[in-house]
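# Structural overview for review
Take a look at the letters that make up each chain.
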Amino acid sequence: DILLMPWINNANYNDSIKAMNDTPAQVCFGHFEIEGFDMMRGVKNDHGLKSDIFSQFDLVCSGHFHHKSTRGNITYLGAPYEMTWSDFNDPRGFHIFDTDTRELEFIQNPFRMFNKILYNDEDLAIDDVKKIDFEQYKDTYVKVIVQNKTNPYAFDLYLDNLYKSDPVNVSIVD
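The text that follows walks through the structure, step by step, so that each part is easy to find. (Residues numbered from 1 in each chain as written. Predicted model: local features only at pLDDT ≥ 70, side-chain atom pairs only at ≥ 80, totals over all residues. Heavy atoms only, no water.)

With that settled, the discussion passes to the pairing of strand β5 (residues 59-62). Burial along β5 is two-sided: Leu59 and Cys61 and Val60 and Ser62, pointing in opposite directions, are all buried. As judged from the four bridges shared by strand β2 (residues 27-30) and β5, these two strands associate in the parallel manner. In the sheet register, Phe29 faces β5, and the bridge partner there is Cys61. Summarising the sheet, β5 and strand β7 (residues 74-76) pair through three bridges and their orientation is parallel. Within the sheet, the bridge partner assigned to Val60 lies in β7 and is Ile74. (Buried < 20%, exposed > 50% of the residue type's maximum accessible area, 1.4 Å probe, protein only. Helix = DSSP H or I, 4+ residues; strand = E, 2+ residues; numbered from the N terminus. Pairing = 2+ DSSP bridges.)

Written out as structure tokens, the structure is:
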């Protein structure tokens, strides 16, 4: 048995708690707001349901928070794709739940919406700049973080080639 729970709010709180207390299910799926979990990497949620109301379950899987995390029997599945810069470099994807083994397999999304490039032309010749393939940045948001810019022409050529790959947006942090 798997208990599927709605978003818990003031109107259905009592019925939801009763359903969790009365179910024979050891697995629960829902869209919960549980205190103490990261909403985004490094940003803790300080309100919502207490995690101990889920103690009777072997596994609780929840949506709502975009950051994938697990504490005890509770797993936040995270978002399937990046939505804002705060999602940068935070693995995104989906899960497959095996109802026989109760294993939860994470399938990482190979596509990135946000990219950071460290620019350092200290050891970069003009010919090297011409050979860089920027195609991976097509239709993405790019931040170019300038660590060392000694050759303005090389930097302009670098940016020209980056823009030719057709990114959605390019920000330069100098």
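All right, on to helix α3 (residues 152-164) then. Compared with an ideal rise of 1.5 Å per residue, which puts 13 residues at 18 Å, α3 spans 18 Å between its outermost C-alpha atoms and is within 8% of the ideal. Taken together, the buried positions of α3 are Ala154, Phe155, Leu157, Tyr158, Leu159, Asn161 and Leu162. Buried-residue contacts for α3 involve β10 (114-120), α2 (126-131), β11 (141-148) and β12 (169-173). The backbone nitrogen of Tyr153 lies 3.0 Å from a side-chain oxygen of the residue at the head of α3, namely Asn151. Where α3 terminates, the next one or two residues include Asp166, which has phi positive at roughly 65°. (Expected span 1.5 Å × (residues − 1). Contact = heavy atoms within 4.5 Å. Polar contact = N/O pair within 3.5 Å; in protein donor to acceptor, adjacent residues only side chain to side chain.)

Here the focus is the state of the cysteines. For the coordinates displayed, the defined rule picks out zero disulfides. Cys28 carries a free sulfur, and the closest cysteine sulfur to it, the one in Cys61, is 8.8 Å from it. A relative accessible area of 0% means that Cys28 is categorised as buried. (Disulfide = S-S within 2.5 Å.)

Across all of its chains, the model carries eleven salt bridges by this definition. Put simply, Asp22 and Lys18 hold a salt bridge, and the shortest N to O gap is 2.5 Å. Note that Asp22 and Lys18 are positioned in helix α1 (residues 13-22) at a spacing of four residues, about one turn of the helix. A single burial state applies to Asp22 and to Lys18, both of which are exposed. By sharing partners, the salt bridges in this structure join Arg41, Asp87, Asp90 and Arg92 into a single network. (Salt bridge = Lys/Arg side-chain N within 4 Å of Asp/Glu carboxyl O.)

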